[in-house]
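Architecture at a glance
Next come the chains, spelled out residue by residue.
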Amino acid sequence: MKGKGTLVIRSGRVLDPAQGLNDRLDVLIVEGRIVEIAFGLAPEGVEVLDASGTIVVPGLIDMHVHLREPGFEHKENIESGTRAAARGGFASIACMPNTNPVIDTSGVIDLIMMRAEAVGAVNVFPIGAISPGLEGKEIANIGSLVEAGAVAVSDDGEGSQDTYVLRRALDYANMFGVPYISHAEDTRLSADGVMHEGHYSTLLGLTGIPSAAEEIHVARNAILAELTDTPCHIAHISTAGSVRIVREAKARGVPITAEVTPHHLTLTDACLATYDTNLKMKPPLRTEEDRLELIRGLQDGTIDCIATDHAPHAYSEKQVEFPLAAFGIIGLETAVSLALNELVHKKVLTLPQLIEKMATAPARILGLAKKGSLEPGMDGDVTLLDPEAKITVNPDKFASKSRNTPFGGWELKGAPVATVVAGHVAYNARATAKTKT
Amino acid sequence: MARTTKPRAKPTAPATHWTRRHLLGLEDVSADEIRLILETARSFKEVSTRAIKKVPALRGKTVVNLFFEASTRTRTSFEVAAKRLSADVLSIAASGSSVVKGETLIDTVHTLEAYHIDLLVMRHAASGAPHFLVRHCTSRVINAGDGMHEHPTQALLDLFTISERGKAFDGLKVAIIGDIIHSRVARSDVFALTKLGTHVVLCGPPTLAPKRFEAFGATCTSRLEEALDGADVVYCLRMQFERQQANFLPSVGEYVRLFGVTAERMKLAKPDAIVMHPGPLNRGIELTSEVADSAQSVVLDQVTNGVAVRMAVLFLLAGVN
């Protein structure tokens, strides 16, 4: 991180759902904070970022990223992961605790925050493990984790198999005001499954993961959120049944929120006919009916936000027989283009609604009071988008260390142009293009 | 038993030539291509009855049998088939997965290809392993069974055996009984038989024969009587005992009581019905010894025909440029 910068972003169309702004305006950031939004700002001696032809939005936030540091630096590290985030238009990311060691002590949080300060291109918010080692057997020192900087606690990658321990953890976490981010998976039901259980798993002879493996935990966790009054955020929701459960719980005022990944919004289990291991992740790609319900849930507010579940794996961990391949795909550098192409241009969401799902809502869920809006006084995190830019996804150019994406070669309309973090330009596609010519 | 071939409802000339470099499964193979393989196998069957059981069709070609799962029957059958075509054969039994050995599947196959092999016959515990492999290798690949997915040459030898017994596929009723969900044999048989107009009835408890299979054109039932009623072919699958531990079955005893094929139950099938099994048999479980050894049983014909069918597949693939 470069510290706090001073910058004026000129000649873009400023779009901020939190303020209801959608106009041709300039944004002035002084020492890392947004100071003024007005037309024709030209303060002397201040660095200018030309935003002409772009949409200027609050810095996007991806609340579900696996940075792999510490422990799995051959897949990704804080430097490469945050550069991938900047390149993808994200000014802030929250990183999941399934590292080695697991983020279950304040020392690991300190390490991540120090590394992010030293080499990170964007803001990094660690998420603490809800239980030591993510084993789900006892409660982690949530107080120490929050004090050190954890913005949430989670069981991501494992789920909480012991309902008693989870209930106590949620009761306990209540005093800290952080949400529980739930990886909803009954691992006895998902067992050794490698894809969604249904027509295509039967056709391909691959062991299935039934929708019920997710839905049982979504329902259980909604009930526990109601019991404990601790906010529960459902990570990577993937089935129509889960959407219905969350919708019903929200209607009764249960403190529950949900995120969906770009890949669950765009792909289905029918895509697996090639046995492409870049289509293997948890939760698995579901059916077309599920995908359509996810879209409905996104539209009616049941699903609050879009998060990538960026899960880097090395080539050798993916280029193996399908049942042996690691679960997960990367998403930081494709999410914005996929969202613009598949959601905005296909009229699933308006652009302001998309910004709500990718900036405002994640800031609200994680309690990041200074993020998610361009109001004066907020952090100077800004993303510039060009919804009309035509791109072809080229994984060889990714900043991420890993290449495990199924979207290579996809032609998409819409792309991030620049990412500003605390008044410093963390990524600028135009500058990169200029220096090359 | 009626031995004359009934005229087919729609006589179709076999495809004039074979164009595939690999045989990975039967799901995407056409009815004409299946007929072409069976026709080719018919001409090869006679070779095995000669005093000198060899033709020079694959002389100078190298066939590698790469078996990552224990198999005696299929490996031997491919070995005999390749030798009768005069190919040089190398059989490799690689126990366990490639990863356990510390070498990836791609590296194993690239090493073999450095010997300039021509055809690779692979058995692998992972569904889709041959489909993954063909994206990374230059050899022609024959799937000799991939996980729970497909076992195309087994289904082809089953079809060959059915048609050899004078049964036309169109309108035939084939009952497949047992552990359907974990069976690559059942999948390949369903894909091939339904393409040829055969009515396939899949029978087993819903844990092992779920209704999802009806999407492939088969009928599913958990009533053995319904499956056997008027059947032309009764196909028993091998029961794996580990299914009981995984709670697909309460006990092998209850399976035998509900789904074991006995001489008494065979009376529900057509009088000239044949009994098939991919082997090896669990006598007294899938079927009684009385049924296995009856005149209706064609289990050994299946083994004999396996060689002819595999000769045909090796020959057709080797001939594609």
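Thresholds applied
- Residues numbered from 1 in each chain as written.
- Chains lettered and ligands numbered in written order.
- Predicted model: local features only at pLDDT ≥ 70, side-chain atom pairs only at ≥ 80, totals over all residues.
- Heavy atoms only, no water.
- Helix = DSSP H or I, 4+ residues; strand = E, 2+ residues; numbered from the N terminus.
- Buried < 20%, exposed > 50% of the residue type's maximum accessible area, 1.4 Å probe, protein only.
- Contact = heavy atoms within 4.5 Å.
- Core = buried A, V, L, I, M, F, W, Y, C linked by side-chain atoms within 4.5 Å.
- Pairing = 2+ DSSP bridges.
- Axes fitted to C-alpha atoms, helices over the stretch in contact; angles between N-to-C directions.
- Buried area = accessible area lost by both parts, 1.4 Å probe.
- Salt bridge = Lys/Arg side-chain N within 4 Å of Asp/Glu carboxyl O.
- Polar contact = N/O pair within 3.5 Å; in protein donor to acceptor, adjacent residues only side chain to side chain.
- Nonpolar A, V, L, I, M, F, W, Y, C, P; charged D, E, K, R; others polar.
- Parallel < 35°, antiparallel > 145°, perpendicular 65-115°, else oblique.
- Left-handed = near helix turned anticlockwise from the far one by under 90°.
- Phe/Tyr/Trp six-rings, centres within 6.5 Å; stacked < 30°, edge-to-face > 60°.

Next up on the list: the environment of Gly328 of chain A. Residues and elements named next belong to chain A. Of note, Gly328 is situated in the loop between helix H11 (315-318) and helix H12 (335-344). We classify Gly328 as buried; its relative accessible area is 7%. Sequence-wise, Gly328 and Gly45 are 283 residues apart; in three dimensions their C-alpha atoms are separated by 46 Å. If sequence neighbours within four positions are ignored, Gly328 has contacts with Lys280, Met281, Ala311, His313, Lys318 and Asn404.

On to the nonpolar core. Among the nonpolar cores identified, the biggest contains 94 residues, and Ile176, Ile177, Leu202, Val234 and Leu314 of chain B are the most heavily contacted of them. When near neighbours in sequence (up to four residues on either side) are disregarded, Leu202 of chain B contacts Ile176, Ile180, Val190, Phe213, Ala218, Thr219, Cys220 and Thr221 of chain B. In this structure, Val108, Ala258, Ala335 and Val344 of chain A belong to the second largest nonpolar core, which totals 74 residues.

What follows concerns the sheet that holds strand E8 (residues 123-126) of chain A. Residues and elements named next belong to chain A. The three strands lie next to each other as E6-E7-E8, forming an open sheet whose pairing is parallel. On the outer flanks of this sheet lie strand E6 (60-65) and E8, each paired with one strand and no other. Between one strand axis and the next, the sheet turns through 20 degrees on average, direction left out of account. Here strand E7 (residues 90-95) runs beside E8; their pairing, made up of four bridges, is parallel. Counterpart to Ala94 in the pairing with E8 is Phe125. In this fold helix H2 (residues 106-119) packs onto E7 and E8, with an angle of close to 175 degrees to the strand it touches most, E8.

Tallying the contact residues gives 24 residues for chain B and 20 residues for chain A. Between chain B and chain A, a total of about 1,700 Å² is buried, with carbon and sulfur atoms accounting for 62% of that surface. At the boundary of chain B with chain A, the tally comes to one salt bridge. In this structure, Arg212 of chain B engages Glu197 of chain A in a salt bridge whose closest nitrogen and oxygen atoms are separated by 3.6 Å. The interface formed by chain B and chain A holds seven residue pairs in polar contact (both at pLDDT 80 or more) in total. Where the side of chain B that touches chain A is concerned, the elements lending two or more residues are helix H3 (98-101), helix H4 (105-113), helix H5 (129-133) and helix H7 (184-195) of chain B. Per-element accounting of the side of chain B that touches chain A gives the leading share, three residues, to H5 of chain B. In the side of chain B that touches chain A, the residues fall into 11 nonpolar, eight polar and five charged.

Residues and elements named next belong to chain A. Relative to each other, H12 and helix H13 (residues 351-366) sit at 140 degrees, their axes nearing to 11 Å. Compared by their axis directions, H12 and H13 come out oblique. Remark: the crossing between H12 and H13 carries right-handed chirality. Here H12 contributes Ala335, Val336, Ala339, Leu340, Leu343 and Val344 to the contact with H13, which in turn contributes Leu351, Leu354 and Met358.

A few words on the packing of aromatic side chains. In this structure the tally under the stated criterion is seven aromatic pairs over all chains. Considering the side-chain rings of Tyr275 of chain A and Phe322 of chain A, the 6.5 Å spacing of their centres and the 75 degrees angle between planes classify their relative orientation as edge-to-face. Note that Tyr275 of chain A is positioned in the loop between helix H9 (262-266) and helix H10 (288-300) and Phe322 of chain A in the loop between H11 and H12, a separation of 47 residues in sequence. For Tyr275 of chain A, a relative accessible area of 2% gives the class buried. Judged by its relative accessible area of 1%, Phe322 of chain A falls in the buried class. Measuring from ring centre to ring centre gives 5.7 Å for Phe213 of chain B and Phe216 of chain B, while their planes differ by 80 degrees; the resulting arrangement is edge-to-face. Accessibility assignment for this pair places Phe213 of chain B and Phe216 of chain B in one class, buried. An aromatic cluster is built from Phe191, Phe213 and Phe216 of chain B, whose rings are joined through pairwise contacts.

Note that every value here comes from positions in space, so none of it alone points to a role or purpose.
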